[in-house]
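Here's the letter readout for the chains.
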Amino acid sequence: MPEGPELHLASLYVNKMCNGVVFTGAVRKSEVSKSPEVPFTCEAYRITAASRGKEVKLTLTPVKSDHPKQGVQTEQADQPMDIVFRFGMSGYFRFTTDDELPKHSHLRFYSKETPCRVLSFVDTRRFGSWQPNGTWQPDRGPCIMFEYKSFRENVVSHLSDRAFDRPICEALLNQKFFNGIGNYLRAEILFRLNIPPFVPARTVLEGLESEDLCDSGDCVKNENTKKSPDRAKTRVVKEEEAADLLRLCHTVPLEVVNQGGKGYDPEKADYSDFKAWLQCYYVDGMTSIRDHNGRTMWFKGDPGPMAPKDSKSPKAKKRVKKEDDHDYTQKKKVAKSRSELTAKKIAVKQETATKTPKKEKDARPQEARRKKAKTRSVNTAQREESENARRRKSSPAETTAGEFFMFLKQVVFLLWEF
């Protein structure tokens, strides 16, 4: 996400590329952009830029023509217009020919020349915005880079505000007090001062003066007056003066600006110098966790007592994998041999485990068949015995009844004859 230095470098880029260039016509907006139309049309105008914290202001100034009636007839703009830009996550400016327009150029200014060139505001993710006839946002504090004195006074005089109850890493992103500080700047500033990111902001800022004694070279004079024969005391004085967080909020962004525009070059997109300048942000060996707002915080050492619970570092997991892939020491070889042996043992066990169940499966049906045959034979034997017993019991009764029936028949027959 572009921060204070990047927006200032963007303003320098616009002033450099548009120096001496005359623009013409209407300001054109892309169809997909949700930002407002820019109601500005002029036969000839120039563009200049300025920055303040995380905002950039383009000023469109009409060029006076030799024919004053022309402006009245065509209803051309005769007054300057300010357009305030906020870059969001991926905004920047580019100056190209009409045939080389970037894909995500959402606001375009056309030059009055042949071939025509275009100044475009490019925003891939479309989180950026602009405001025609706009002014600097009143809710934003003074610029950390170019309004340093007002910036210090604004912070020191409002330490009782609730914003400073939060961890220092989260307070640094509050644009009401730290206009221009972003994610990588807060990591670099706290790392240089060795301040844990999740300590109360008020405890870090208490004791700082609204006026920086080291500003304009006064720091050297102050160190000379405070020197004493005891070397330990002089060291303590220098450490206290160096641990001024508000001063680093001013000087660290200027270091990025002083790289000569190499940190902001949309034509070449070479950020090697900027990556080499970073000491903490996305640097190997550092730790990253998400703060209470979901923003990733990079640091080293103890995070502090106000760190979120159950916070994880995705960077650490990736780093472990890389170290495992690129470690070729003797210890790594021994570990690999041990792991291979254990893997072989596990494979053998799995093979035996997979083989034995097949035998058991083959043996189980035979045993079941035998058991069923035994139960059937037993059942049949029991049934036969029970039937025989029933026959034995029922046979005497049946014989006696039959004989008696036959006897009755004979008696009836004899009586019938008589």
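All of the points below concern the structure found in this document.

Calculation criteria
Residues numbered from 1 in each chain as written. Predicted model: local features only at pLDDT ≥ 70, side-chain atom pairs only at ≥ 80, totals over all residues. Heavy atoms only, no water. Salt bridge = Lys/Arg side-chain N within 4 Å of Asp/Glu carboxyl O. Helix = DSSP H or I, 4+ residues; strand = E, 2+ residues; numbered from the N terminus. Buried < 20%, exposed > 50% of the residue type's maximum accessible area, 1.4 Å probe, protein only. Phe/Tyr/Trp six-rings, centres within 6.5 Å; stacked < 30°, edge-to-face > 60°. Core = buried A, V, L, I, M, F, W, Y, C linked by side-chain atoms within 4.5 Å. Contact = heavy atoms within 4.5 Å. Pairing = 2+ DSSP bridges. Axes fitted to C-alpha atoms, helices over the stretch in contact; angles between N-to-C directions.

## Notes on the pattern of salt bridges
Considering all chains together, one arrives at twelve salt bridges under this definition. The partner of Arg86 in a salt bridge is Glu55, with the nearest N and O atoms 2.9 Å apart. Here Arg86, found in strand E5 (residues 81-86), pairs with Glu55, found in strand E4 (residues 55-62); they are 31 residues apart in sequence, far enough to count as distant. On the basis of relative accessibility, which here comes to 13%, the residue Arg86 falls in the buried class. Between Asp244 and Arg152 there is a salt bridge, and its shortest N-O distance comes to 3.1 Å. Here Asp244 is found in the loop between helix H8 (231-242) and helix H9 (245-257), whereas its partner Arg152 is found in helix H3 (residues 148-156), with 92 residues between them in sequence. Linked through salt bridges whose partners overlap, the residues forming this network are Arg152, Asp212, Asp244 and Arg247.

## Let's talk about the packing of aromatic side chains
A complete count under the given rule lists 20 aromatic pairs for this structure. With 6.4 Å between their ring centres and 70 degrees between their planes, Tyr281 and Trp298 make a pair best called edge-to-face. Of this pair, Tyr281 sits in the loop between helix H10 (272-277) and strand E10 (287-290) while Trp298 sits in strand E11 (residues 296-299), and the two are 17 residues apart along the sequence. Neither Tyr281 nor Trp298 differs from the other in exposure class; each is buried.

## Structural notes on the nonpolar core
The nonpolar side chains of a soluble globular protein tend to be buried with one another. Counting 47 residues, the largest nonpolar core has Val155, Ile168, Phe178, Leu205 and Leu245 as the members making the most contacts within it. Elements represented by at least two residues in this core include exactly H3, helix H4 (168-171), helix H5 (183-193), helix H6 (201-205), H9, H10 and E11. For Val155, the contacting residues outside a window of four places in its chain are Phe164, Phe177, Phe178, Leu205 and Leu246. Listed in part, the 28 residues of the second largest apolar core include Val14, Val56, Phe93 and Phe109.

## Digging into the sheet that holds strand E7 (residues 105-110)
One open sheet holds the four strands; their spatial order is E2-E7-E8-E6, and the pairing between them is antiparallel. At either end of the open sheet lies a strand with only one pairing partner, and these are strand E2 (28-29) and strand E6 (91-97). Pairing analysis gives seven bridges linking E6 to strand E8 (residues 117-123), with the strands arranged antiparallel. The residue bridging Thr96 from the neighbouring strand is Val118, located in E8. Along the sheet face, helix H1 (residues 4-17) touches E6 and E8 and points at about 15 degrees away from the line of E6.

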